[in-house]
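Structural overview
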Protein chains: 4
Amino acid sequence: MAHGATGKGNDQVRFELSAYAIDPKIKVIAPWRDWDLLSREKLLKYAKEKGIPVDFKSGKKPPYSMDANLLHVSYEGGLLEDPSNQPQDEMWRMTRSINEAPEKPTNLSIEFSKGDPIAVNGKRYKPSQIIEKLNKIGGTHAVGRLDFVENRFIGMKSRGCYETPGGTILIKSHRALESITLDREVVALKDDLMPRYARLIYNGYWFSPERLLIQKLIDESQLHVNGVVKVRLHKGNVIIIGRESKKSSIFDHQISTFEDDKGKYKQSDAEGFIKLHALRLMKNSKRLRSNH
Amino acid sequence: MAHGATGKGNDQVRFELSAYAIDPKIKVIAPWRDWDLLSREKLLKYAKEKGIPVDFKSGKKPPYSMDANLLHVSYEGGLLEDPSNQPQDEMWRMTRSINEAPEKPTNLSIEFSKGDPIAVNGKRYKPSQIIEKLNKIGGTHAVGRLDFVENRFIGMKSRGCYETPGGTILIKSHRALESITLDREVVALKDDLMPRYARLIYNGYWFSPERLLIQKLIDESQLHVNGVVKVRLHKGNVIIIGRESKKSSIFDHQISTFEDDKGKYKQSDAEGFIKLHALRLMKNSKRLRSNH
Amino acid sequence: MAHGATGKGNDQVRFELSAYAIDPKIKVIAPWRDWDLLSREKLLKYAKEKGIPVDFKSGKKPPYSMDANLLHVSYEGGLLEDPSNQPQDEMWRMTRSINEAPEKPTNLSIEFSKGDPIAVNGKRYKPSQIIEKLNKIGGTHAVGRLDFVENRFIGMKSRGCYETPGGTILIKSHRALESITLDREVVALKDDLMPRYARLIYNGYWFSPERLLIQKLIDESQLHVNGVVKVRLHKGNVIIIGRESKKSSIFDHQISTFEDDKGKYKQSDAEGFIKLHALRLMKNSKRLRSNH
Amino acid sequence: MAHGATGKGNDQVRFELSAYAIDPKIKVIAPWRDWDLLSREKLLKYAKEKGIPVDFKSGKKPPYSMDANLLHVSYEGGLLEDPSNQPQDEMWRMTRSINEAPEKPTNLSIEFSKGDPIAVNGKRYKPSQIIEKLNKIGGTHAVGRLDFVENRFIGMKSRGCYETPGGTILIKSHRALESITLDREVVALKDDLMPRYARLIYNGYWFSPERLLIQKLIDESQLHVNGVVKVRLHKGNVIIIGRESKKSSIFDHQISTFEDDKGKYKQSDAEGFIKLHALRLMKNSKRLRSNH
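Residues numbered from 1 in each chain as written. Chains lettered and ligands numbered in written order. Predicted model: local features only at pLDDT ≥ 70, side-chain atom pairs only at ≥ 80, totals over all residues. Heavy atoms only, no water.

**Some thoughts on the interface of chain C and chain D**
Counted only if it meets this: Contact between two residues is taken to exist if any of their heavy atoms lie within 4.5 Å; hydrogens are not considered. Two parts placed together each lose some accessible area under a 1.4 Å probe, and adding up what both lose gives the buried area. What counts as a salt bridge is simple: a side-chain nitrogen of Lys or Arg found within 4 Å of a carboxyl oxygen of Asp or Glu. In the analysis that follows, any N or O atom pair within 3.5 Å is treated as a polar contact, provided that within protein one partner can donate a hydrogen and the other can accept it, and provided that, for residues neighboring in sequence, both atoms belong to side chains. Secondary structure elements are taken from DSSP: a helix is a run of H or I of four residues or more, a strand is a run of E of two residues or more, and numbering for both begins at the N terminus. Basically, the charged four are Asp, Glu, Lys and Arg, the nonpolar ten are Ala, Val, Leu, Ile, Met, Phe, Trp, Tyr, Cys and Pro, and anything else, Gly included, counts as polar.
Between chain C and chain D, the residue contacts involve 95 residues of the former and 95 residues of the latter. With both chains or domains summed, chain C and chain D bury close to 8500 Å², and 56% of this area falls on carbon and sulfur atoms. Remark: the boundary between chain C and chain D carries six salt bridges. One salt bridge connects Asp147(D) with Arg243(C), and the closest N-O pair in it is separated by 2.9 Å. Seen at the junction of chain C and chain D, the total is 32 residue pairs in polar contact (both at pLDDT 80 or more). With 14 residues, helix H9 (residues 269-290) of chain C is the single largest residue contributor to the side of chain C that touches chain D. Each residue belonging to the side of chain C that touches chain D can be placed in one class, and the counts come to 37 nonpolar, 27 polar and 31 charged.

As structure tokens, then:
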């Protein structure tokens, strides 16, 4: 496998860990890191000598590097290397600015089955189509710009800007549906594992046994995440305006109501609940008092 | 201690766990839960009989209950009990709607010392003043509306809407400053403990020994969180436009640059780094192959 | 469901949470807790009046309570209520004392398939037979006595003594086999979730969705835990004397050897590995120095 | 800094991460890894040429490598490289075998202050003296042999045998004292962080900011770990025979008793406690039923 990632970034790690995991006998060639092409000038000179065409207007150095795929555009380097600098307005490609976004919001409905989005506004699409669709409409409404300082696996901090309108809409909608379909302690378990899962993927461990184990747990947790979320896009905001799950909701309005619940919940149970949870706190408190 | 919380909510738990933790001999009186005042009508009748004034226009039932303090307003009950209903525009008190928010953004600078906000736009304020100030300006820009389904400690799901403009600005600014002042693994540790810490507080365990232990760790982590964050408020969005920490930043632009780094980072080190991290993945991969 | 557990212990919680989880409509009758039979004397009097036979010699109060099943015997109460008291030698039922155990050790081999024990000394048995067998031989060798102070879910500490010879042998053997068949990060993930999983079961949440999710992860992790462990029982000790897994081991003696490894591992890779892991520590160190 | 660790082990990582953390400008010289001294023969030849004396009888290769310090002896390599081989009896240096250990047990008392051992049998000693003392008496009683397969940070599994009699006695005694002095949720928090803390130290991150943060939490947790533990050493076993803490115990025998508790605990509180904990399980159960 040959790749053009530098020796400073996350991409080399992600490419190579994945390659080694899939084929332990693979040989990796990473010229940017292994050879003496350490600067952009040397690289361009080498390409010219060998007759390799480069899609890059010589003479004009762009103010940052850029990568794009279905899910996002990322920007790094150049002006962005100083985290006290704001990115230039012209940089962004997938999203309008807040000022350019329409005054009128757009409402969408997104349907999920087992945690995966399957339909937008009642019409079924392939996963890639859903992302394309949400990227487009989200971008129009200035949704999905991110700007932060991250911690690369190889040990340095770096500043990156990202655009991911579809991803932003999906993560918020998905959580809204989880909020009525996942049990409290399932949510707690997912919350506790989420940063670890995210770090695994960020660091290049998609094809690792530990990622697969957490995935099993997550996939199992999603079996009940079925239903429809209504969402409003407006001036950079993704606003949940409704969640509904006919067959999978465990939200029980008859229990939670402050009105007459017809005995579904016995308020006096709360006394014992609280008293037994307080037992150890009372004991701790007595010790603190007696030691002073 | 007497309180007016119902037997269905989180407040009773928070009040009573705190009271028992502070004074194990305290006696709790919770009429709403212990007596037979289970409905609003009965309560009003009782108050009238006893000559207790109630700040509540009889005859007109509000469509939800409301609580407010320095940090937030919360709304629950009534219309909101169905999570597929959108809250009415008239409900919100601290924040303008996106449409009413000004076209022109406001830029702020917030200074932090040891993780605590101490100044806005270069002027020092008391903590409560900072929150008041940010509530006001954030609210004007439609910042800080939240709407979600939560999981009460006593076992039921409930839907709540919240307004917390100042809190929203502070959490985003604080994280932005942490991104240049906290070590990667310190961030990872904080990320992993954060949901647990939040659950402790949500469930009423502020005065518990386990909250105090995590607090020690968090407080220690904040010693280097010093610096200034520039933030833009615009149409419901909080946008970080700069982070700076003269004495505490560990962001090193000379290492992360894609330009000539003058030997501060040796790209070839990455090869060994990746190969040793791949070692176990390769071994796993060989086992999978030999077993098929 | 009627049960005879007291209102102070874990059993009532385990019985009732399980019952409610299996059948939400079940009605629980717990006389010891609900009625006025709060002391042993009252209970015996009630039983006598109603003609209920009690397997309990009146007039002679045993110095502790006892429960037994296939996996263990537990002892609580009476003399044991003071954690500074040692249990009496006569108390223990499944295990000999160290002095009574034979001078000569016994060696066993235990075979596991997908993490479950399936054979002892090369002969296959049903799970219950394996535990019976190991209880017997372990007990003879004084293996499996436990004595500790635990934290009941209902909020108090209590002291318990346990005998579980088979369980003790199995947990040690199983971990020995995992040590050559589980990937390092799989072990780390299991280690991190283990205390939580144990608390869930201790607290009565066997039939909870969160236990089932963790179980999915654990079950998946066990697919490669196949092989044979040789174990020596001697004077209370369980000593691992060999682990072997023909098809599932990822222990690679050719890599780990301090002898000539024929190039399977390139020692110079370690330099880059360490340097990049040190990068953030160096940066932290510089900050500490410059701030003093 | 020059060190003689190989390029395959944990020691190089621990030495160098610590050195870089303490002095980012340090230069590391690791001949075994960097030069061409990859085999023992080459190393001996080099030493002979340069007139460097080697404490190692040439001609007789020991069957494993060995390291020793105050806390332990470790054995690796040679015969031990195959995890199905049992170590030879002659290998062990700090501990007698079970057969050689005395028939008569020895009872000890160990006093802890803020989690640290300060006295043995009522006599105060320096920390190093306590370990020496416990190593000696523990070793006599065959306590402290360990034999397992571990996961090196640089990516391979390796088999190691260890002797740490004093460490074994201290860890068991310390936990016994914690069991009556630490709150349940403090124990849970410590249990959950313990594997991570252990990995940090194993991997060489003693001088890391994340280790220091967890240390703060642990140190704070130990303020109440004061008292005396009585322990019996017998034929390889460390048996807790008593725990006592005059001023710091939160074990409350008057609450946990199965006898008359004089109203310190209201058994009927347990009903509400269980019912509210069952609420979400009942809801989950109903969903499962209605979906089948």
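**Observations concerning the sheet that holds strand S7 (residues 157-163) of chain B**
Residue and element names in this part refer to chain B. What counts, and what does not: Between any two strands, pairing holds if DSSP finds at least two bridges. All axes are obtained by fitting lines to C-alpha atoms, using only the stretch in contact for helices, and the reported angles, taken between N-to-C directions, cover 0 to 180 degrees.
Taken in spatial order, the four strands make up an open sheet running S1-S2-S7-S6, and their pairing is antiparallel. Each having just a single partner strand, strand S1 (65-68) and strand S6 (145-151) make up the two edges of the open sheet. Strand after strand, the sheet turns through a mean of 25° between neighbouring axes, direction not considered.

**A closer look at the interface of chain A and chain D**
Every contact between the two is made by 28 residues of chain A and, on the other side, 28 residues of chain D. Where chain A meets chain D, there are six salt bridges. One salt bridge connects Lys266(D) with Glu271(A), and the closest N-O pair in it is separated by 3.9 Å. In this structure, the connection of chain A to chain D is made through 11 residue pairs in polar contact (both at pLDDT 80 or more). Only helix H6 (184-202) and helix H9 (269-290) of chain A provide two or more residues apiece to the side of chain A that touches chain D. Ranked by residue count, the leading element in the side of chain A that touches chain D is H9(A), at 14 residues.

**Section: the packing of helix H1 (residues 11-22) of chain A against helix H9 (residues 269-290) of chain B**
Each pair of packed helices can be described by the angle between their axes along with the distance between the axes. The cut-off we apply is this: Should an angle fall under 35 degrees it is taken as roughly parallel, and over 145 as roughly antiparallel, whereas 65 to 115 is taken as roughly perpendicular and any remaining angle as oblique. Left-handed describes a crossing whose near helix is turned anticlockwise from the far helix through less than a right angle; right-handed describes the clockwise counterpart.
Where H1(A) contacts H9(B), the two axes come as close as 7 Å, and the packing angle between them is 30°. Classified by the angle between their axes, H1(A) and H9(B) sit roughly parallel to one another. Considering only the axes of H1(A) and H9(B), their crossing is right-handed. Residues Gln12(A), Val13(A), Glu16(A), Leu17(A), Tyr20(A), Ala21(A) and Ile22(A) of H1(A) lie in contact with H9(B), whose contacting residues are Ala270(B), Ile274(B), Lys275(B), His277(B), Ala278(B), Leu281(B), Met282(B), Ser285(B) and Arg289(B). Counted by class, the contact of H1(A) with H9(B) contains 10 nonpolar, three polar and three charged residues.

**Notes on the environment of Pro24(C)**
Tracing the backbone shows Pro24(C) in the loop between helix H1 (11-22) and helix H2 (31-34). Along the sequence, Pro24(C) and Gly160(C) sit 136 residues apart, while their C-alpha atoms lie 32 Å from each other. If we skip the residues at most four places from it in the chain, Pro24(C) touches Met282(D), Ser285(D), Lys286(D) and Arg289(D).

**Structural notes on the relation of the copies chain C and chain D**
Convention followed: To line up the copies, we fit them by least squares on C-alpha atoms, keeping just the residues with pLDDT of at least 70 in both.
Between the two copies, chain C and chain D, the superposition gives an RMSD of 0.0 Å; the rotation angle is 180° and the shift along the axis is 0.0 Å. Such a combination of turn and shift is consistent with a two-fold rotation axis. Both copies contact each other with a shared surface, as 100% of the interface residues of chain C are interface residues in chain D too.

**As for the packing of aromatic side chains**
Short version of the rule: Here the aromatic set is Phe, Tyr and Trp, taking the six-membered ring for Trp, and pairing holds for ring centres within 6.5 Å; pairs whose planes are under 30 degrees apart are stacked, those over 60 apart are edge-to-face, and all others are tilted. Whether a residue is buried, partly exposed or exposed follows from its accessible area with a 1.4 Å probe, protein chains only, as a fraction of its type maximum: under 20%, in between, or over 50%, in that order. Our definition puts a charge over a ring when NZ of Lys or CZ of Arg is within 6 Å of the ring centre and also within 35 degrees of the ring normal.
Per the stated rule, a full pass over the model turns up 18 aromatic pairs over all chains. Arranged with centres 5.0 Å apart and planes meeting at 70°, the rings of Phe153(A) and Phe273(B) form a pair that is edge-to-face. Of this pair, Phe153(A) sits in the loop between strand S6 (145-151) and strand S7 (157-163) while Phe273(B) is found in helix H9, placing the two residues in two different chains. Note on accessibility: Phe153(A) and Phe273(B) belong to one class, buried. Plain terms: the ring middles of Tyr75(D) and Trp92(D) are 5.8 Å apart, the flat faces sit at 80° to each other, and that makes the pair edge-to-face. Here Tyr75(D), found in strand S2 (residues 73-76), pairs with Trp92(D), found in the loop between S2 and strand S3 (106-113); they are 17 residues apart in sequence, far enough to count as distant. Take Tyr75(D) and Trp92(D): they sit in the same class, and that class is buried. Stacked on the ring of Trp206(B), the Lys or Arg Arg211(B) has its end atom at 3.5 Å from the ring centre.

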